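Per-entry structural report
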Amino acid sequence: MGLGWSTAEERRPLLPPPPPQARPQARGPAGGPAGRLPPLSGRVYGRRWLVLLLFSLLGFAQGLVWNTWGPIQNSARLAFGFSGWDIALLVFWGPIGFAPCFFFMWLMDKKGLRVTVLLTSSLMVLGAGLRCIPVSDVEIRKKLIHGGQLLNGLAGPTVMNAAPFLSTTWFSPDERATATAIASLLNYLGSAGAFLVGPLVVPSPNGTAHLLLASQSNTEHIKDRIEAVLYAEFGMVSLIFSAALAYFPSRPPFPPSVAAASQRLSYRRSFCRLLSNFRFLMIALAYAIPLGVFSGWSGVLDLILTPVHVSQVDAGWIGFWSIVGGCVVGIAMARFADFIRGMLKFILLLLLSGATLASTWFTLTCLTSVTHLPLTTGGSFLFPNSFSIESLSNA
């Protein structure tokens, strides 16, 4: 989409140089000018891995900040007076942040990756900073935290949707699936990190009884630990923003393939074509439904498992391993798809079928009053792990 990738002068090095003995124009069999020599496959740069690393770290940080409150919802209720609705809304700000997604896609198309990434990372820095402002008024502090989560949610369209654009811009065709998987799934890995960091750093209300503290002191201790997590996340986001500001080019000097350098449709025209393409709409629907279900489910996992007597720490480990398993398998499958072409649909169908069975079993085990199936720790760790495979459609 958008204007041409590069000028004719920039694309010229992608063509093989003429032989030294054939400086005059080559002639065809009939005496006419010979056709153009076939273009080379393109040119890739080692710096592409640095660009991928910076973008992946940005996605990691966005997922970490988005999933801050779900794994420690019991502690957040005690420290900040959050209700169940507040916890759900803090998670829901992420999907709400996708409302202006077409603006970010237009900006990326017109201005390139650098401008879009810098705008996205600046929103994340501002959002993470709002959550750290020390205000004594509880209601004002709640509003600042909600505002920070919304700004972080506005970064979602870039970190979750720009991975294919980045891989096409910087990587050769035989590396694109791998690069897309890494850039996409690191966002989920950040969510997994929140499941690990939150419950381990922030004690649950019942987990601090051994400290022999009074109720008020216990609350202050939990609040201090939560604020330590918020400050650490703010520092991480600021560091990534500084690195992207120092070096994050929009595109390489020469495209990785001649196909990538070709003329593209205008944004409006391509958008209209996509909306009128039934196959594309079906693919988008198949991607959006499992992704939305999984994101909503994982963000309030502790809230879901608390009624069935699963502790905050155990819920955090369940969420952590579920997402980590999906990320590892997703990157492995993407690398496999780079070598074996034509099997991507079969792989996705196989993984989504397993994820459907796993999520169904896990749901039935949680409905103890209806199904009477045993909810064991091993089953809780195993089946959400398979359910997280739904995130592999990003790759």
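Criteria and cut-off values
Residues numbered from 1 in each chain as written. Predicted model: local features only at pLDDT ≥ 70, side-chain atom pairs only at ≥ 80, totals over all residues. Heavy atoms only, no water. Helix = DSSP H or I, 4+ residues; strand = E, 2+ residues; numbered from the N terminus. Contact = heavy atoms within 4.5 Å. Areas by Shrake-Rupley, 256 points an atom, 1.4 Å probe, with all protein chains shown as cover. Phe/Tyr/Trp six-rings, centres within 6.5 Å; stacked < 30°, edge-to-face > 60°. Buried < 20%, exposed > 50% of the residue type's maximum accessible area, 1.4 Å probe, protein only. Arc of directions from axis to C-beta. Core = buried A, V, L, I, M, F, W, Y, C linked by side-chain atoms within 4.5 Å. Axes fitted to C-alpha atoms, helices over the stretch in contact; angles between N-to-C directions. Parallel < 35°, antiparallel > 145°, perpendicular 65-115°, else oblique. Left-handed = near helix turned anticlockwise from the far one by under 90°. Nonpolar A, V, L, I, M, F, W, Y, C, P; charged D, E, K, R; others polar. pLDDT = per-residue confidence, 0-100. Patch = residues over 30% accessible without salt bridge, like charges linked within 9 Å, V, L, I, M, F, W, Y side chains within 5 Å. Salt bridge = Lys/Arg side-chain N within 4 Å of Asp/Glu carboxyl O.

Time to look at the overall build of the protein. Within the protein, the secondary structure is distributed over 18 helices and 0 strands. Expressed as a percentage of contacts within the protein between residues at least 6 apart in sequence, the contacts between residues at least 24 apart total 81%. Put simply, the protein shows about 19400 Å² of open surface, and 69% of that area lies on carbon and sulfur atoms.

In this section: the packing of aromatic side chains. In the structure shown here, the tally under the stated rule is 6 aromatic pairs. On the basis of an interplanar angle of 35 degrees and a centroid distance of 5.8 Å, the ring pair of Phe 80 and Phe 82 is categorised as tilted. Across the pair, Phe 82 and Phe 80 agree in class, each one buried. Residues Phe 103 and Phe 104 carry aromatic rings whose centres are separated by 5.4 Å and whose planes lie at 75 degrees to one another, so their mutual orientation is edge-to-face.

Here we take up the environment of Leu 303. Position of Leu 303 relative to the elements: it lies in helix 14 (residues 301-305). According to the relative accessible area criterion, Leu 303 is partly exposed, its value standing at 26%. Along the sequence, Leu 303 and Gly 84 sit 219 residues apart, while their C-alpha atoms lie 7.9 Å from each other. Contact partners of Leu 303, with chain neighbours within four places excluded, come to Gln 73, Arg 77 and Gly 84.

Before going further, it helps to spend a moment on the environment of Ile 331. Along the chain, Ile 331 falls in helix 15 (residues 312-339). By relative accessible area, which is 27% here, Ile 331 ends up partly exposed. On a C-alpha basis, the gap between Ile 331 and Thr 180 in space is 8.9 Å, while along the polypeptide they are 151 residues apart. Apart from the residues within four sequence positions on either side, Ile 331 is in contact with Ala 181, Ile 182 and Leu 185.

The next subject is helix 9 (residues 163-170). Three or four residues apart is the spacing at which side chains of an α-helix point the same way, because the helix has 3.6 residues per turn. Listed in full, the buried residues belonging to helix 9 are Ala 163, Leu 166, Ser 167, Thr 169 and Trp 170. With its buried residues spanning 165 degrees around the axis, helix 9 presents them on a single face.

Moving on to the nonpolar core. Nonpolar side chains in soluble globular proteins generally cluster together in the buried interior. Phe 55, Leu 113, Leu 166, Tyr 188, Phe 248, Leu 305 and Ile 323 are the most contacted members of the largest nonpolar core, which has 52 residues in total. Residue contacts for Leu 166: discarding those within four places in its chain leaves Val 51, Leu 52, Phe 55, Leu 113, Phe 171 and Phe 248. If you look at the next biggest cluster of nonpolar residues, it comprises 17 residues, including Ile 72, Val 202, Ile 222 and Leu 230.

Our focus in this paragraph is the packing of helix 2 (residues 48-66) against helix 10 (residues 176-201). Following both chains from N to C, one finds helix 2 and helix 10 inclined at 30 degrees, their axes separated by 6 Å at the closest point. Here helix 2 lies roughly parallel to helix 10, going by the angle between them. Here the hand of the crossing between helix 2 and helix 10 comes out right-handed. Between helix 2 and helix 10, the contacting residues are Leu 52, Phe 55, Ser 56, Gly 59, Phe 60, Gln 62, Gly 63, Leu 64 and Trp 66 on the first element and Ala 179, Ile 182, Ala 183, Leu 186, Asn 187, Leu 189, Gly 190, Ser 191, Gly 193 and Ala 194 on the second. Class assignment for the residues of the contact of helix 2 with helix 10 results in 11 nonpolar, 8 polar and no charged.

Now for the packing of helix 5 (residues 101-111) against helix 6 (residues 113-132). Helix packing for two helices is described by the angle between their axes and how far apart those axes are. Put simply, helix 5 and helix 6 touch, their axes get as near as 7 Å, and they point 140 degrees apart. Between helix 5 and helix 6, the interaxial angle falls into the category oblique. Where helix 5 approaches helix 6, its residues Phe 103, Phe 104, Leu 107, Met 108 and Lys 111 are matched on the opposing element by Leu 113, Val 115, Thr 116, Leu 119, Thr 120 and Leu 123. Tallied by class, the residues present in the contact of helix 5 with helix 6 amount to 8 nonpolar, 2 polar and 1 charged.

What follows covers the confidence of the model for the protein. With 75% of its residues at a pLDDT of 70 or more, the protein has an overall mean of 76. Mean pLDDT values over the elements of the protein span from 44, in helix 1 (residues 8-11), up to 95, in helix 6. Every residue in residues 1-19 is under pLDDT 50, and counting partners more than four places away or in other chains gives 46 contacts.

A cluster of nonpolar side chains, namely Val 328, Val 329, Met 333, Phe 336, Phe 339, Ile 340, Met 343, Phe 346 and Leu 350, defines an oily patch on the protein surface of about 820 Å² accessible area. Going through the elements one at a time, helix 15 and helix 16 (344-366) are the ones with two or more residues in the nonpolar patch. Sort the elements by how many residues they give to the nonpolar patch and helix 15 lands first, with 5 residues. You can see Phe 339 is positioned in helix 15. Using a relative accessible area of 64% as the deciding quantity, one classes Phe 339 as exposed.

The subject of this paragraph is the pattern of salt bridges. Throughout the structure, instances matching the rule amount to 5 salt bridges. Across the pair Glu 139 and Lys 142 runs a salt bridge, and its minimum N-O distance is 4.0 Å. Remark: Lys 142 and Glu 139 occur in helix 7 (residues 138-153); sequence separation between them is 3 residues, near one turn of the helix. By relative accessible area, which is 48% here, Glu 139 ends up partly exposed. The shortest N-O distance in the salt bridge between Glu 227 and Arg 141 comes to 3.0 Å.

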